[in-house]
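Here are the chains, one letter per residue:
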Amino acid sequence: MCHITQRSSTSLFPKICSIFWRFHHTSTSHWCSCSKTISDEKYQDPFQLGKKDLKNLYEDIKKELLVSAAELKEMCDYYFDGKGKAFRPMIVVLMARACNIHHNNSKEVQASQRSVAIIAEMIHTASLVHDDVIDDANSRRGKRTLNQIWGERKAVLAGDFILSAASVALARIGNTTIISVLTQVIEDLVRGEFLQLGSKENENERFAHYLEKTFKKTASLIANSCKAVSILGCPDPKVHEIAYQYGKNVGIAFQLIDDVLDFTSCADHLGKPTAADLKLGLATGPVLFACRQFPEMNAMIMRRFSKPGDVERARKYVLQSDGVQQTTYLAQRYCHAATREIRKLRPSPEREALVHLTEMVLMRDK
């Protein structure tokens, strides 16, 4: 196994921020509905292609969470109910197949690569459990959160247990490079949570801060999981970088759209309360864009929307501004970057499905 040097993700953010402001100041007539850039391609349905490799995914996760205590078992099984779309595992198995085909035309996903998909979903779910405790959230995926049902202390312990089970599964793969790549995700999750607790006075620094937080809390898991399966399937460091960059760009775009939906989707459809980020004192992409049209929002951002009426006023400003459109446009740029990366691999149905996935990210409504 060759040694892989991971590019520093944080060093890219000042450059991204500079480019981002140039995007903002260009005519908004360039903004479009995002889906026609590569519309002549014959797309593959990612969920259909990944279905075979994701069969019994949640049953296999529950086997990793084997525990005798009935209450802890019930808590651990709560989100692994098979009703989610398994977005992250699906990306991972598609990337595994795309890289395997690129390397030696192998169309099968290795057992170790599928394990990475399982571990990614476990780490993601553990992070949701912990996030809900930190945010005192009362709903997730259309149902009550663990902390609302069992209390904060038990919810934290359940999240810890899921994370520990993921670590055991990771160790079982027996590859130190893969262990290093995926444990980076856990470090990034913690650092991202700390970044979310802070604010920046300077406007440009504020957006760079937001993008770095977005990478660490959301995109790092997808980027490093994609990189891990590429390492397992192909010895070429260039392929590892392609997989990593695809996952990073898709992950950031996914979160940008999530931040848009917080303003545009109804609570019942989204499965969690809308304007949730404002209520938590967070300034996401739509808010930061709106702030350029409504400078009075700066004071609200710095006090984290803590005064009575701040949340309602900020939401009104965002919807009156072009913040939603500009954030969607920025997500489109990230998806275009992801597409450019994945097209460097040999043609395959899985590669085309990963291209299609970038459009699905942009068009999703929950």
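Predicted model, so just to flag it, every value in this text is computed and none were measured. The written sequence of each chain sets the order in which its residues are numbered from 1. This being a predicted model, a pLDDT of at least 70 is required before a residue's local features are given, and a value of 80 or more before pairs of side-chain atoms are given or counted; all residues contribute to the totals for chains, interfaces and linings. Computation of side-chain values covers all heavy atoms of the structure but excludes hydrogens and water.

*Asks:* Could you give me a rundown of the overall build of the chain, with the residues and numbers involved?
*Replies:* By the criteria applied, helices consist of DSSP H or I runs no shorter than four residues and strands consist of E runs no shorter than two, each listed in order from the N terminus. Along the chain, the regular secondary structure elements total 18 helices and two strands. Two residues form a contact once any of their heavy atoms are found within 4.5 Å. Relative to all contacts within the chain whose residues are 6 or more apart in sequence, the contacts with residues 24 or more apart total 76%.

*Asks:* I'd like a description of the packing of helix α2 (residues 46-54) against helix α18 (residues 349-363), backed by residues and values.
*Replies:* Helix axes are fitted to C-alpha atoms over the stretch in contact, other axes to C-alpha atoms as well, and angles between N-to-C directions run from 0 to 180 degrees. Between α2 and α18, the shortest axis-to-axis distance is 9 Å and the interhelical angle comes to 125 degrees. When the interaxial angle is binned, α2 and α18 end up oblique. For the pair formed by α2 and α18, the contact residues are Pro46, Phe47 and Leu49 on the first element and Pro349, Glu350, Ala353, His356, Leu357 and Met360 on the second. The residue classification treats Ala, Val, Leu, Ile, Met, Phe, Trp, Tyr, Cys and Pro as nonpolar and Asp, Glu, Lys and Arg as charged. All others, Gly included, are polar. Counted by class, the contact of α2 with α18 contains seven nonpolar, one polar and one charged residues. With respect to orientation, any angle under 35 degrees is reported as roughly parallel, any angle over 145 as roughly antiparallel, any angle of 65 to 115 as roughly perpendicular, and every other angle as oblique.

*Asks:* Help me get a handle on unusual backbone geometry, residues and values and all.
*Replies:* Positive phi outside glycine occurs at Asn105, with the angle close to 65 degrees. With respect to the helices, strands and loops of the structure, Asn105 is situated in the loop between α5 (87-104) and α6 (111-135). Working definition: with a 1.4 Å probe on protein chains only, accessible area under 20% of the residue-type maximum means buried, over 50% means exposed, and in between means partly exposed. Taking relative accessible area as the criterion, Asn105 reaches 40% and is therefore assigned partly exposed. One non-glycine residue, Asp136, adopts positive backbone phi at about 55 degrees. If you trace the backbone, Asp136 turns up in the loop between α6 and β1 (139-140).

*Asks:* Outline the pattern of salt bridges, supporting the account with residue identities and numerical values.
*Replies:* Take a side-chain nitrogen of Lys or Arg and a carboxyl oxygen of Asp or Glu: if they are within 4 Å of each other, that pair is a salt bridge. In total, this model carries 19 salt bridges according to the counting rule given. Of the charged contacts in the structure, one is a salt bridge between Asp53 and Arg97, with a shortest N-O distance of 2.6 Å. Residue Asp53 is found in helix α2, and its partner Arg97 is found in helix α5; the two are separated by 44 residues along the sequence. Each member of the pair, Asp53 as well as Arg97, is classed as buried. Salt-bridge contacts for Asp258 lead to Arg364; the nearest nitrogen and oxygen are separated by 3.2 Å. Taken together, the residues Asp258 in helix α11 (residues 237-264) and Arg364 in the segment after α18 connect sequence positions 106 residues apart.

*Asks:* For the side chain of Thr339, give the residues involved together with the corresponding values.
*Replies:* Assignment of secondary structure puts Thr339 in helix α17 (residues 323-342). For the purposes of these results, a polar contact is taken to be a pair of N or O atoms within 3.5 Å, where, inside protein, one atom must be able to donate a hydrogen and its partner to accept one; residues adjacent in sequence count only when each atom of the pair is a side-chain atom. At 3.4 Å, the side chain of Thr339 forms a polar contact with the side chain of Thr358.

*Asks:* I'd love a proper account of empty space enclosed by the protein, names of residues and values included.
*Replies:* Rolling a probe over the atoms, with the probe sized like a water molecule, indicates the empty space that remains. The definitions used throughout rest on a 1 Å grid laid over the protein atoms alone, on which a cavity is an enclosed set of points accommodating a 1.4 Å probe that cannot get out and a pocket is an open set flanked by protein within 12 Å on both sides along at least five of seven lines; lining residues are those having an atom within 4 Å of a point. Grid points are joined across faces, edges and corners, and a volume is the space filled by probe spheres set on the points. A full pass over the atoms with the stated rule returns four cavities of 30 Å³ or more. Put simply, the largest cavity is a space of about 180 Å³. Those elements that provide at least two residues to the lining of the largest cavity are α9 (176-197) and α10 (203-233). Broken down by element, the lining of the largest cavity gets its largest block of residues, four residues, from α10.

*Asks:* Just give me the short version of a nonpolar patch on the surface, but keep the residues and values in it.
*Replies:* Patch criteria: residues need more than 30% relative accessible area and no salt bridge. Like-charged residues are merged within 9 Å; nonpolar side chains of Val, Leu, Ile, Met, Phe, Trp and Tyr are merged within 5 Å. Per-residue accessibility takes into account occlusion by the displayed protein chains alone, with areas from the Shrake-Rupley method and a 1.4 Å probe. Judged by side-chain polarity, Val190, Phe194 and Leu197 come together as a nonpolar surface patch covering roughly 340 Å² of accessible area. Inspection of the secondary structure assignment puts Leu197 in helix α9.

*Asks:* How would you explain the confidence of the model for the chain if you had to name every residue and give the values?
*Replies:* Atomic detail in the predicted coordinates should be set aside for any region of low pLDDT. Confidence scores here are pLDDT values: one per residue, from the predictor, ranging 0 to 100. Per-chain confidence: the chain averages 87 in pLDDT, with 86% of residues scoring 70 or above. No element of the chain has a lower mean pLDDT than helix α1 (residues 13-25), at 44, and none a higher one than α17, at 98. A low-confidence stretch, residues 1-41 stays under pLDDT 50, and its non-local contacts, those more than four residues away or across chains, total 74 contacts.

*Asks:* Account for the packing of aromatic side chains, naming residues and giving values.
*Replies:* Stacked, edge-to-face and tilted labels apply to pairs of Phe, Tyr and Trp rings (six-membered ring for Trp) whose centres lie within 6.5 Å, assigned for plane angles under 30 degrees, over 60, and everything in between, in that order. Under the definition given, this model contains seven aromatic pairs. Their ring planes at 55 degrees and their centres at 5.2 Å tell us that Tyr78 and Tyr79 sit as a pair that is tilted. Owing to a relative accessible area of 18%, Tyr78 belongs among the buried residues under this scheme. Using a relative accessible area of 4% as the deciding quantity, one classes Tyr79 as buried. Grouping aromatic residues by their ring pairs yields a cluster made of Tyr78, Tyr79 and Trp150. Between Lys143 and the ring centre of Tyr78, over which it is positioned, the NZ or CZ distance is 4.1 Å. Positioned above the aromatic ring of Phe254, the side-chain terminus of Arg364 is 3.8 Å from the ring centre. To sit over a ring, a charge needs its Lys NZ or Arg CZ within 6 Å of the ring centre and within 35 degrees of the ring normal.

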